[in-house]
Amino acid sequence: MSSLLALAGVNTHIGHYHILQGVDFAVPQGGLTMLLGRNGAGKTTCLRTIMGLWKASAGRIDFDGADISGRPTPAVAQLGIGYVPESMGIFAGLTVRENLALAARSGPIDARRLDWLFGLFPALKKFWQLPAGHLSGGQKQMLAIARAMIEPRKLLLVDEPTKGLAPAIIAHMVEAFRELKRSDTTILLVEQNFNFARALGDTVAVMDSGRIVHSGSMAELAGDEALQHKLLGLSLDAHQ
Amino acid sequence: MSPAGQALPVARLDKVPLALIPVVALAALPLIPSLPTWITLTAAGLAMGMMIFIMASGLTLVFGLMDVMNFAHGAFITIGAYVATSVLLALASPVQADSLWLNLAAIAPAILAAMAVAGALGLAFERVIVRPVYGQHLKQILITMGGLIVAEQLILVIWGPDIIALPKPAALRGSFVLGDIAVEKYRVLAVFVGLAVFAAMFLVLSRTRVGLLIRAGVEDSEMVESLGYRIRRVFVGVFAAGSALAGLGGVMWALYQETVNSAMGMQVMILIFIVIIIGGLGSVGGCFIGALLVGLVANYVGFLAPKIALGSNILLMVLVLLWRPQGLYPVAKR
């Protein structure tokens, strides 16, 4: 399977801190890749560097055959990359409708696509005219994902979508991501919840101290408990 | 477009800050010796509030969107006033004619020139002075204060150090009199101009895509960029529009005071800062309510106890912040 996104020797400095220290991994086209790792491993920095929110100080980021390292964030997004940050980044003072309308860059929201998203996240239809700040945490996460997918995207970057969510909402998220996978969207998903990752991932990359320390198929990692403990340690225990 | 569905939850406007305006006005009523005086003061307060709103609205958007506290905003007010004065003095004949239409025909180019010059200078100021210090608040304060001082000195070089008299156009002098009630004609015009500016800003912010971008950018500019929009372009546009509005406010304020001087922008900045803090930094609606409150309180207290007029607005700000520490209409920021 060819790679849609590939990072090679990517380094990122934030102030005096050297966060990413030569990250190499690839995201296969059409699949869901999980990026796992302990707190502080560099997962969020990795996504932000791909989006151009933090500049890579060295290395190369190839997306769809072109080097995108050093490009400004809007240019990266315009290539067809949707991004859901860890904070969700919803606009609290804008209604659900306005949040989605803003993300539909090419014009009015496509009605069929909206219906599809309402099928995934029915709460968005119910709270259509409500300011997004009034939504619950799970609903905000649904809005953030729907906003990233309001137009077809080649790649979806999602940072810890299950953080702080109730188990029932997480189960709903699993179903939603399965549906997104069926829509042929390539997804790179940062996660600490291994059960969630195991349920969805096709491939996996594990980070530690700013480097990729393991990459391969999710099935392989899911079947090797010793490797899971070695790579993920306490963060795995917390979600068993 | 809206999805099918009945009885959907909708956003409700927080009406409590709106109610403050009649509450303040009615609270002053028993303290003022007569009803006509109270009506005159109320009209004067609303007119003053509208002019402060025009001057402050651009600054609050600039702060909300760009996180820049621009102390040089007062310079655009002063420059707008001086440019309009030059135009109006050159058009002395229609300004002094006893015809409202001729007067307005003279004021219109003065306002347009003031807004164009202030907007263009704002554009240059953003590019040369502000852009290098985005995200560095201490440097912003120092460099924009420096910009204000330089602008004032340039005004002295171009227009001279003397205070320039700027009589109101003939048809805008005097008052509308109804019994014992007298309301200055110019104040009525100021109220209409303020309402028109507020309505235009409201429509742009709530009904257009640019407005949506500005409101989203005020909350989280990084996320707007992640959606594929070049927010810097919106920043520049808002800075220029805010400067142009300051220029318009400068024209209105100069005609209200009937004089212009190089420090007028600096003097009114205290009231402007009070207004945008009361309203909630970045909130145009809050700025509107805050400006009207400041205008009313300044006029009532100025009549009852002139020595504490400015202090009364600082007290108003303290009371509002004790009640709502983020201002009347806080803007959700990331």
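Conventions and cut-offs
- Residues numbered from 1 in each chain as written.
- Chains lettered and ligands numbered in written order.
- Predicted model: local features only at pLDDT ≥ 70, side-chain atom pairs only at ≥ 80, totals over all residues.
- Helix = DSSP H or I, 4+ residues; strand = E, 2+ residues; numbered from the N terminus.
- Rg over C-alpha atoms; globule rule 2.2 N^0.38 Å.
- Buried ≥ 20, exposed ≤ 12 C-beta atoms within 10 Å, placed from the backbone.
- Contact = placed C-beta atoms within 7 Å.
- Nonpolar A, V, L, I, M, F, W, Y, C, P; charged D, E, K, R; others polar.
- Core = buried A, V, L, I, M, F, W, Y, C linked by C-beta atoms within 7 Å.
- Pairing = 2+ DSSP bridges.

Q: Explain the overall build of chain B to me, using residue names and the numbers behind them.
A: Check the secondary structure of chain B and you find 12 helices and four strands. What you see for chain B is a C-alpha radius of gyration of 20 Å, in line with the 20 Å of a compact globule of 334 residues. Dimensions of chain B along its principal axes, counting C-alpha atoms only, are 55 × 50 × 40 Å. Going through the 334 residues of chain B one by one, you find that 49% of them count as buried. Across chain B, the fraction of contacts at a sequence separation of at least 24, relative to all contacts at a separation of at least 6, is 78%.

Q: I'd like a description of the interface of chain B and chain A, backed by residues and values.
A: Taken together, the contact pairs 24 residues of chain B with 30 residues of chain A. Per-class residue counts for the side of chain B that touches chain A are 13 nonpolar, four polar and seven charged.

Q: Which residues make up the environment of V204(A), and what values do they have?
A: Residue and element names in this part refer to chain A. Checked against the element boundaries, V204 lands in strand β9 (residues 203-208). Exposure remark for V204: the 26 C-beta atoms within 10 Å place this residue in the buried category. With residues near it in sequence (within four places) discarded, V204 still touches T33, M34, L36, A197, S215, G216, M218 and L221.

Q: Describe the nonpolar core, naming the residues involved and giving the relevant values.
A: In this structure, L157(A), I52(B) and V275(B) are the most contacted members of the largest nonpolar core, which totals 189 residues. With 19 residues, the single largest contributor to this core is helix α2 (residues 35-66) of chain B. Discounting residues that sit within four places of it in the chain, I52(B) has contacts with L271(B), I272(B), V275(B), A291(B), V294(B) and G295(B).

Q: Report on the pairing of strand β4 (residues 56-63) of chain A, specifying residues and quantitative values.
A: Residues and elements named next belong to chain A. Note that strand β1 (residues 3-14) and β4 share six bridges and pair antiparallel. Among the inter-strand pairings, L5 is bridged to a residue of β4, identified as F63. Bridge count between β4 and strand β5 (residues 66-67): two bridges; the pairing is antiparallel. Paired with F63 across the two strands is A66, which belongs to β5.

Q: Tell me about the environment of S221(B), and please be specific about residues and values.
A: All names here are of chain B. Here S221 lies in helix α8 (residues 209-226). Since 22 C-beta atoms lie within 10 Å of it, S221 is described here as buried. For S221 and A291, which are 70 residues apart along the polypeptide, the C-alpha to C-alpha distance reads 27 Å.

Any functional reading would require information that these geometric values do not contain.
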